[in-house]
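Below are the chains, spelled out letter by letter.
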Amino acid sequence: MSTPAKSDKSGQYFQAVVFGGTNTQQAFTGTAARFQLSNGSCSLIEVFATQDCWIKIGNSSVTAAANDGTSKCIRGGINYFIGIPESLIAAGAIYISVVRDVSSGNLDVCEAV
């Protein structure tokens, strides 16, 4: 859910995102791992990786691969906010695949509510 919030300093309104959905941690290695978001209607996720990795969002057959032109590079130690495509929300099943770049690590995913 996104809620308008008023800034005391500027008097302008901005969108605030509420993260209170399911948090998932997925270990990643040189072999692509895949997991399903618990909320099939989630439109926004926050991701954080402990090491550089590649992710791809899709259906139950999605597979991430390094430098394949369709997977997104996630740099370790940086929070990313990623919108979920409408077609996946309409299908009601959202999957994320992750594979390491060089070193294995963990990918933390928080679903917006």
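1. Let's talk about the pattern of salt bridges
What the rule picks out here adds up to one salt bridge. One salt bridge connects Arg75 with Asp52, and the closest N-O pair in it is separated by 3.0 Å. Of this pair, Arg75 sits in the loop between strand S7 (72-74) and strand S8 (79-83) while Asp52 sits in the loop between strand S5 (44-49) and strand S6 (53-58); the two residues are 23 residues apart in sequence, bridging distant segments of the chain. Asp52 gets classed as partly exposed once you look at its relative accessible area, which sits at 27%.

2. Points about the sheet that holds strand S9 (residues 95-100)
Pairing between the strands of a sheet is mediated by backbone hydrogen bonds and can be parallel or antiparallel. Spatially, the four strands line up as an open sheet ordered S4-S9-S6-S7, and their pairing is antiparallel. Of all the strands in the sheet, just strand S4 (33-36) and S7 have a single pairing partner and so form its edges. Put simply, the sheet's adjacent strands are angled 30° from each other on average, direction ignored.

Thresholds, definitions, all that
- Residues numbered from 1 in each chain as written.
- Predicted model: local features only at pLDDT ≥ 70, side-chain atom pairs only at ≥ 80, totals over all residues.
- Heavy atoms only, no water.
- Salt bridge = Lys/Arg side-chain N within 4 Å of Asp/Glu carboxyl O.
- Helix = DSSP H or I, 4+ residues; strand = E, 2+ residues; numbered from the N terminus.
- Buried < 20%, exposed > 50% of the residue type's maximum accessible area, 1.4 Å probe, protein only.
- Pairing = 2+ DSSP bridges.
- Axes fitted to C-alpha atoms, helices over the stretch in contact; angles between N-to-C directions.

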